[in-house]
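A structural walkthrough
Chain by chain, the residues:
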Amino acid sequence: MKRFLKKLSLIIAPVLLGLILCEMAERCPDNDYKFKNKYLTENADSIQVLILGSSHSFFGIDPSYFDLNAFNAANVSQSLKYDYFIFDKFKDKMNSLKCVILPISYFSLFSDLEGGIEDWRVTNYSLFYDCPYHKWELRYNLKIYNGIHPKNALFWLAGKLNSNRSCSDYGWGMSYKFEDRAEQWQDSGPVAANRHTKDPVDNAVLLENCNRIENIVRYCSENNILFHLQ
C-alpha cells in the first residue's frame, strides 16, 4: 500500500505543480483588469470623467481626446452588473468626478456575464478587481478552470510573458485594429448579435440592471455629476 501511495504521489505531484504554474502564469502578468483596478485605486481622486460599458466604449472612446482627466474603465462584454460594481467601489474616492459616461448596447439591459458563453470573464473581476460576488465559487476564482495553457507557463517561467495588457495608459482598448481583422470580418456583426441576444428576456435581470442605472443616476444627481447615458 505504501509503495502504491508513493507511486501515486510521484504522478500527482508533477501534475499539481504544472497546474500551479499554469495558474500563476495566467495571474501574474499584467492585464487590462489588473491595470484598471490599480489605476483606479491610485488615481480615483483625480479622475474627472469616468467611462464605463462594454467593448463599444472600451474600443470606441479614447480618453486622450478629452480636455478633462478621463479614464476608460470599460471592458469587453462588461455587463451593467460590473459597471455598477466598479462605480460603487471607487465612487467615494472620486472627489474630482464631473461626468460619468455609460453607453448602453442593445443587449446591455437584458443580460449578465454569468450564465452566458463569456462567463469565463467573471474570473477577471474576482481575481483582479477583488469583486466579492463569487467569492466561494471555484469556477470564478481559478483561471485554469477556463482552460490550461502550458505555453503561457513556459513563457512566463522564461521571463517572456510579462504583460497581456492591451489598453492604453488611460484604459482605451488598442487591440481592435482594421489591419488585424479576421477573415470574413464582415459577418462578425450578426454573429455577435446572435451571441448576445436573450430569448426569452429575463425580467429579473432587466429589473436589476435598471436599478443599477438608477443608483448611478441618483448618486450623480445628488453630487452634481453629469451622467451621460448613450
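That block above? That's the structure.
What comes next is a walk through the structure. What you are looking at is a predicted structure, and each value in this text was computed from that prediction instead of being measured. (Residues numbered from 1 in each chain as written. Predicted model: local features only at pLDDT ≥ 70, side-chain atom pairs only at ≥ 80, totals over all residues. Heavy atoms only, no water.)

**A short note on the overall build of the protein**
The criterion, for reference: A run of H or I in DSSP becomes a helix once it reaches four residues, and a run of E becomes a strand once it reaches two; helices and strands are each numbered from the N terminus. Every residue pair with non-hydrogen atoms within 4.5 Å of one another is taken to be in contact.
In terms of regular secondary structure, the protein is built from 8 helices and 4 strands. Overall, the protein shows an N-to-C arrangement of helices and strands of α-α-β-α-β-α-β-α-α-α-α-β. Considering only residue pairs separated by 6 or more positions, the protein has 73% of its internal contacts joining residues 24 or more positions apart.

**Section: the environment of cysteine 220**
Applied cut-off: Under the scheme applied here, a residue whose accessible area is under 20% of the maximum for its type counts as buried, over 50% as exposed, and between as partly exposed, the area being computed with a 1.4 Å probe on protein chains only.
Relative to the helices and strands, cysteine 220 resides in helix H8 (residues 203–222). You can call cysteine 220 buried: its relative accessible area is 1%. Along the primary structure cysteine 220 and valine 100 are separated by 120 residues, whereas in three dimensions their C-alpha atoms are 8.0 Å apart. For cysteine 220, the residues in contact, after removing those within four places along its chain, are Phe87, Val100, Ile225 and Phe227.

**Comments concerning unusual backbone geometry**
Even without being a glycine, aspartate 130 presents a positive backbone phi close to 55°. You can see aspartate 130 is positioned in the loop between helix H5 (122–128) and helix H6 (150–157). Overall, the relative accessible area of 57% leaves aspartate 130 in the exposed class. Despite not being glycine, asparagine 224 shows a phi value in the positive range, around 55°. By the element assignment, asparagine 224 lies in the loop between H8 and strand E4 (226–229). The exposure class assigned to asparagine 224 is exposed, which follows from its relative accessible area of 72%.

**Focus: the packing of aromatic side chains**
Note the cut-off: Here a Phe, Tyr or Trp ring, Trp counted by its six-membered ring, pairs with any other such ring whose centre lies within 6.5 Å, and the pair is stacked when the planes are under 30 degrees apart, edge-to-face when over 60, and tilted otherwise. Charge over a ring is defined by NZ of Lys or CZ of Arg lying within 6 Å of the ring centre and within 35 degrees of the ring normal.
This structure, assessed with the given rule, holds 11 aromatic pairs. An angle of 50° between the planes, with centres 6.4 Å apart, marks the rings of phenylalanine 35 and phenylalanine 71 as tilted. Of this pair, phenylalanine 35 sits in helix H2 (residues 32–43) while phenylalanine 71 sits in strand E2 (residues 70–72), and the two are 36 residues apart along the sequence. A single burial state applies to phenylalanine 35 and to phenylalanine 71, both of which are buried. Here tyrosine 125 and tyrosine 129 contribute two aromatic rings whose centre-to-centre distance is 5.8 Å and whose plane-to-plane angle is 15°, an arrangement assigned as stacked. Just as tyrosine 125 is buried, tyrosine 129 falls in that class too. Taken together, the aromatic side chains of Tyr33, Tyr82, Phe85, Tyr125, Tyr129 and Tyr133 make up a single cluster linked through ring pairs. One Lys or Arg, lysine 91, reaches over the ring of tyrosine 219 and ends 5.6 Å from the middle of that ring. In this structure, arginine 165 packs its charged tip against the face of phenylalanine 35, placed 3.8 Å from the ring centre.

**Examining the packing of H2 against helix H4 (residues 80–90)**
To keep it simple, the criterion reads: Axis angles are defined between N-to-C directions and span 0 to 180 degrees, where every axis is a line fitted to C-alpha atoms and, for a helix, only to the segment in contact. Each angle gets one of four labels, with under 35 degrees taken as roughly parallel, over 145 as roughly antiparallel, 65 to 115 as roughly perpendicular, and the rest as oblique. Handedness of a helix crossing follows the sense of rotation of the near helix relative to the far helix, less than a right angle counterclockwise being left-handed and clockwise being right-handed. Residue polarity follows a fixed list, in which Ala, Val, Leu, Ile, Met, Phe, Trp, Tyr, Cys and Pro are nonpolar, Asp, Glu, Lys and Arg are charged, and the others, Gly among them, are polar.
Running from N to C, H2 and H4 cross one another at 30°; their axes reach a closest spacing of 10 Å. Judged by the inter-axis angle, H2 sits roughly parallel to H4. The crossing of H2 and H4 is right-handed. Judged by residue contacts, Asn37, Leu40 and Thr41 of H2 engage Ile86, Lys89 and Phe90 from H4. Residue composition of the contact of H2 with H4, by class: 3 nonpolar, 2 polar and 1 charged.

**Thoughts on the state of the cysteines**
Condition: Any two cysteine sulfur atoms within 2.5 Å of one another count as a disulfide.
A complete count under the given rule lists 0 disulfides for this structure. In this model cysteine 220 remains outside any disulfide bridge; the closest cysteine sulfur is found in cysteine 99, 8.2 Å from its own.

**Describing the sheet that holds strand E1 (residues 49–51)**
Note the threshold: Whether two strands pair comes down to DSSP finding at least two bridges between them.
An order of E2-E1-E3-E4 is seen for the 4 strands of this open sheet, with the pairing classed as parallel. Every other strand in the sheet has two partners, leaving E2 and E4 as the edge strands with one partner each. Sheet twist, expressed as the mean angle between neighbouring strand axes with direction ignored, is 15°. Summarising the sheet, E1 and strand E3 (residues 99–102) pair through 3 bridges and their orientation is parallel. Considered in E3, the bridge of valine 49 is made with cysteine 99. Set on the sheet, H2 makes contact with E1 and E2; between it and E2 the angle comes to about 150°.

Take it as geometry only, folks, not as evidence of what the structure does.
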